[in-house]
Amino acid sequence: MTKQNIDRRSFLKVSGAATGGVLFGFSWLVSCQNEVQAEIIPELEMPEQWFSLNGYIKIGDNGVVTIMAPNPEIGQNVKTSMPMIVAEELDADWNKVVVEQAPLDPEKFPRQVAGGSQSIRQSWEGLRKAGATAKAMLVAAAAEKWGVDAATLKTEKGHIINANGEKIHYGEVATAASQLEVPEDAPLKDPKDFTIIGQSKKNVDLKDIITGEPLFGLDTKVEGMKYAVVLRPPAFGQKLQSVDDAAAKALTGVESVLQFGDKVAVLANSTWAAMQGKKALTAVWTEDTPLESTTYHDEELAKLLTAKTEAVRHDGNVDRAFAEADEIVERVYESPFLPHNCMEPMNFFAHVTDEKVLLDGPIQTPQWTRQRVADLLEREAEQVEVKMTRMGGGFGRRLYGDFALEAAEVSKLAKAPVQLVFSREDDMSAGTYRMAIKYKIKAAIKDKKITAYHLTEAAINSNMYGLIPNFFPAGAIENYRVDNAKMESNITTGAWRAPYTNFLAFAEQSFFDELSEKMEVDAVQLRLDLLENAKKNKEDERMQWSPDRMQECIKLVAEKAGWSTPKEGVFQGLSAYYSHNTHVAEIAEVVMKENRPVVTKVYCAVDCGIVVNPEAAKNQIEGGIIDGVGHAMFGDLAFNNGIPSATNFDKFRLIRHQEAPEIEVFFIQNNVDPTGLGEPSLPPAGGAIANAIYKATGKRFYKQPFVQEMDVLG
Amino acid sequence: MSTFSIKVNGVEHSVEADDATPILWILRDHLQLVGTKYGCGIGQCGACTIHLEGTSARSCNLPISAAAGKSITTIEGLSENGTHPVQKAWVEHDVPQCGYCQSGQIMTAAAFLKENNNPSDEEIKAAMHGNICRCGTYNRIRAAVKTAAQNS
Ligand code: FES
Ligand code: FES
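None of the values given here were measured: they were computed from a predicted structure.

A look at the packing of helix α3 (residues 85-92) of chain B against helix α4 (residues 102-115) of chain B
Residue and element names in this part refer to chain B. Where α3 contacts α4, the axes come no closer than 9 Å and their chain directions differ by 130°. With respect to α4, the element α3 is oriented oblique. Classified by chirality, the crossing of α4 by α3 is right-handed. From α3, V86, Q87 and W90 reach across to α4, where they touch Q102, Q105, I106, A109, A110 and L113. Class assignment for the residues of the contact of α3 with α4 results in six nonpolar, three polar and no charged.

Next up, the structure:
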């Protein structure tokens, strides 16, 4: 496990800058008085002066505390949960905390990325230290003020209390504290003493969200800003030959038309005018590289599954085990491309001037994007300032800063501040898609035991990475092998919420369900038995998941769902999957309505260690399950000569209210360091519902989306 | 280009725009009321939901020429300081994830509850079916609409 430490130099630098100096308040700070449930209460009174104790914390003279939210917020709740961790160790009064979104500042904040469900896990220690260090400085300042030993002082809810019971708030010693040495080893709390972590705190942007305040990238308005909409090649593989922009330029509101590379930007005084301008362009496209279709991908991927491939992991000898097997089971699972479909389409604000570059908008990777923009414009990274807005979803799409690069390029050409906007059609047709993938899984059964497991992945552009080949059932089955194969495509592909495992988990967990049936072993029991086998390999450093924790999740979900006491007319399916350092087990319930299977409920047990913000954590789990169910049921994007089959929600079916199952979430209680929740509940969902639908209908699904397969059920 | 007068959240505005310009962009770009969101532009997602003369409408395919002279309420004008029962219920259930779809969800729910103040779960799902939440907060939305119904 990588531990990120706060850079001590940055601590010193920031507190040094604040020494003797004063930072003034900002009127736009977010208020988060979270105890109040159904009541919206007025904003906090802002202090006259702020004192900075480190990069994360500013204390106001009136005791109000500002905590910086370092990481990009895409809906995974880090803007609330990360400051909660700081506030916990600071012993702040959460009702007197204002949270401020930090800009990109790698010197102060390590890993400002929203990706891989890693924000909480990788920043846990650093955030705690930031809070604890500042608290120690405040206590030291109070000790000096009272002329007592710091060890005799206690802190509680933003106050320091001495042995006589006298109490002062943090603001009263903030100026003195800001001038002290930064202590080396401020002690961290014992998790049993947590008073903020583990208590549900409301989303710090909640009030602004429900009242429609500007928060998102598209809400950015800057004096003199132009709206830009870009025409890109309609098919992957095409390039621009020529464009006629006369009709576009004649439209009211359209101010200019700029060509850059194979793209054409229309700049206007409103988004609508820019969109109309784009539609009025007449472009001629030529073929640059061959235009690809789904039928071609299907053929090529199928070939790869039978071609000779390289093993990325091979334990024992699968060939021998297959030769000696009583029975061999082989299945192929197939998935389509998927667009991310963030609710807020891609967009970015850029203002490029000779002196500097300002970027502001929704981005999961601010630091990487800054570097790429700097390279593109031939500037130093230090000349590029990156601010982050709240994001209307990310799901991996906003890892790729293509839209920010476009905005920078257009701003440079236009010599104006620019908000670059993708229409929904642009968003779905200029994607960085989840690639189509096929998995072949082959298992050997001998003497009622699984003796071999061989997984082959055929993917487009890139294969599973990192530790994925070492996930379950690696270590649980003696002869085990994973092979990778890929084909190149000119369709851009990339990370999509829970990369690879978003489909791999369905394939694997459906396959085990089928094996349990063939072996006449209960599906829960088969998983528990295999996990028991895996325990003997616990010392293998490739095994970063825990068979014990997974068993606990499975047992808990089975108990909660009443797995061993079947309900009349209700069909259950199990799926359990570890990803992004979190263990999850799910049981889906299906009932037949008018002869069709309907997913009514999903039970979910999760082990993510300490649950920082329980209600928000549940929200993440629910969202991941609904996403997993939705895309397994309906998600489909095909290509025909390089053109996607859907470009808006009339053709691309997303799960909606009436299709969303009820969900019950159970967390395993422990004091293990926390891991992330943005992704891990998604992968198991597809398998859970497929296994339940099988019980209800007798039909197994090998291909997503299921809705196409369901038609055969009538 | 014509000049239209529209009443938004009780305030009269005179805007110059092309007849076909959807109200969504009048609100967002002309009046800088950005709480109403763009999601699809074709009436499929509900992110742009407003109230037109008190009933819910998709502002992305409602041209200004059809709304001129009518009264519009947006999320910014739904209540003073977020105190509408639907907004309070949203706070109680801490509904949002990314939050982008939520103003549309709230506007749909508020208009629906005016018509039916004691809805069943099935009626809530049917009423909200046109509003997509990509983050999947559907169950919380359903619970919040129920709470709002009880409190209004
Ligand atoms: S933006 Fe109007 S319904 Fe989607
Ligand atoms: S909360 Fe993100 S789309 Fe609904």
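Brief notes about the sheet that holds strand β22 (residues 479-487) of chain A
All names here are of chain A. Read from one edge of the open sheet, five strands run β14-β22-β21-β20-β15, paired in mixed fashion. One side of each edge strand has no neighbouring strand; the edge strands of this open sheet are β14 (310-315) and β15 (327-335). Each adjacent strand pair in this sheet contributes to an overall mean axis angle of 10°, direction not counted. Of the pairings in the sheet, the one linking β14 to β22 comprises five bridges and is antiparallel in character. Within the sheet, the bridge partner assigned to E310 lies in β22 and is N484.

Section: the packing of aromatic side chains
All names here are of chain A. Under the counting rule described, the total for this entry stands at 25 aromatic pairs over all chains. An angle of 75° between the planes, with centres 6.1 Å apart, marks the rings of Y453 and F511 as edge-to-face. Remark: F511 occurs in helix α13 (residues 501-519) and Y453 occurs in strand β21 (residues 449-460); sequence separation between them is 58 residues. Seen from their ring centres, F471 and Y578 are 5.2 Å apart, and the 85° between their planes marks the pair as edge-to-face. In this pair, F471 sits in the loop between β21 and β22 while Y578 sits in strand β23 (residues 571-579), placing the two residues 107 residues apart along the sequence. Assigned by exposure class, F471 and Y578 land together as buried. Among the aromatic residues, those joined into a cluster by ring pairs are Y333, Y439, F503, F506, F701, Y702 and F706. Here the guanidinium or amino end of R700 rests over the ring plane of Y694, the centre of that ring lying 3.6 Å away.

A word on the pattern of salt bridges
Should their charged atoms come close, side chains of opposite charge can pair. All names here are of chain A. Inspection of the entire model under this criterion finds 53 salt bridges over all chains. Taking the shortest distance from any N to any O, the salt bridge between E255 and K226 comes out at 3.1 Å. With E255 in strand β11 (residues 254-260) and K226 in strand β9 (residues 226-231), this residue pair connects regions lying 29 residues apart in the sequence. Given the relative accessible area of 42%, E255 is considered partly exposed. Classification of K226 as partly exposed rests on a relative accessible area of 24%. Close ionic contact of E662 with K601 constitutes a salt bridge, the shortest N to O distance being 3.6 Å. Of this pair, E662 sits in strand β28 (residues 662-667) while K601 sits in strand β25 (residues 596-607), and the two are 61 residues apart along the sequence. Taking relative accessible area as the criterion, K601 reaches 11% and is therefore assigned buried. Residues joined by salt bridges that share partners form a network here, namely R232, K263, K278, E406 and D426.

With respect to the pairing of strand β16 (residues 347-352) of chain A
All names here are of chain A. The buried fraction of β16 amounts to five of the six residues, a majority that puts the element mostly inside the structure. By the bridge criterion, four bridges tie β16 to strand β19 (residues 418-421) in an arrangement that is antiparallel. Of the residues in β19, the one forming a bridge with A350 is V418. Sheet topology places β16 next to strand β17 (residues 357-361); four bridges connect them, and they run antiparallel. When the bridges of β17 are listed, V352 appears paired with V357. Two successive antiparallel strands, β16 and β17, enclose a turn made up of four residues.

Topic: the domain arrangement of chain A
All names here are of chain A. Domain parsing of chain A yields domain 1 (2-202), domain 2 (217-288 + 346-421) and domain 3 (496-713). Both sides together, the interface formed by domain 1 and domain 2 hides about 1100 Å², and carbon and sulfur atoms give 63% of it. On the domain 1 side of the contact with domain 2, E73, I74 and L104 bury the most area, a combined 46% of that side's loss. The tally of links between domain 1 and domain 2 comes to one salt bridge. Applying the counting criterion to the domain 1 and domain 2 interface returns three residue pairs in polar contact (both at pLDDT 80 or more).

Notes on the side chain of S681 of chain A
Residue and element names in this part refer to chain A. As for its placement among the helices and strands, S681 is situated in the loop between β28 and α17 (682-697). The exposure class of S681 is buried, given its relative accessible area of 0%. Within polar-contact distance, the side chain of S681 engages the backbone oxygen of I621 at 2.9 Å.

Let's talk about the sheet that holds strand β1 (residues 2-8) of chain B
Residues and elements named next belong to chain B. One open sheet holds the five strands; their spatial order is β2-β1-β5-β3-β4, and the pairing between them is mixed. The two strands at the open ends of the sheet, each matched to only one other strand, are β2 (11-17) and β4 (55-58). Direction aside, neighbouring strands of the sheet carry axes that sit 40° apart on average. Sheet analysis places β1 next to strand β5 (residues 71-73), joined by two bridges and oriented parallel. Note on β5: the bridge partner recorded for V8 is I72. Where helix α1 (residues 23-30) meets the sheet, its contacts fall on β1, β2, β3 (49-52) and β5, and the angle it forms with β2 comes to roughly 100°.

Some words on the interface of chain A and chain B
The partner chain B presents 55 residues to the 65 residues of chain A that form the contact. For the chain A face of the interface with chain B, the top three residues by lost area are M343, R656 and H657 of chain A, together amounting to 17%. Viewed at the interface, chain B and chain A are joined by six salt bridges. A salt bridge links R140 of chain B to E622 of chain A; the nearest nitrogen and oxygen atoms lie 2.8 Å apart. One can count 35 residue pairs in polar contact (both at pLDDT 80 or more) joining chain A with chain B. Sort the elements by how many residues they give to the side of chain A that touches chain B and helix α16 (residues 614-634) of chain A lands first, with nine residues. Among the residues forming the side of chain A that touches chain B, the class breakdown is 27 nonpolar, 20 polar and 18 charged.

Reading guide: rules and limits
- Residues numbered from 1 in each chain as written.
- Chains lettered and ligands numbered in written order.
- Predicted model: local features only at pLDDT ≥ 70, side-chain atom pairs only at ≥ 80, totals over all residues.
- Heavy atoms only, no water.
- Axes fitted to C-alpha atoms, helices over the stretch in contact; angles between N-to-C directions.
- Helix = DSSP H or I, 4+ residues; strand = E, 2+ residues; numbered from the N terminus.
- Parallel < 35°, antiparallel > 145°, perpendicular 65-115°, else oblique.
- Left-handed = near helix turned anticlockwise from the far one by under 90°.
- Contact = heavy atoms within 4.5 Å.
- Nonpolar A, V, L, I, M, F, W, Y, C, P; charged D, E, K, R; others polar.
- Pairing = 2+ DSSP bridges.
- Phe/Tyr/Trp six-rings, centres within 6.5 Å; stacked < 30°, edge-to-face > 60°.
- Buried < 20%, exposed > 50% of the residue type's maximum accessible area, 1.4 Å probe, protein only.
- Lys NZ or Arg CZ within 6 Å of the ring centre and 35° of its normal.
- Salt bridge = Lys/Arg side-chain N within 4 Å of Asp/Glu carboxyl O.
- Domains from an automatic or database assignment.
- Buried area = accessible area lost by both parts, 1.4 Å probe.
- Polar contact = N/O pair within 3.5 Å; in protein donor to acceptor, adjacent residues only side chain to side chain.

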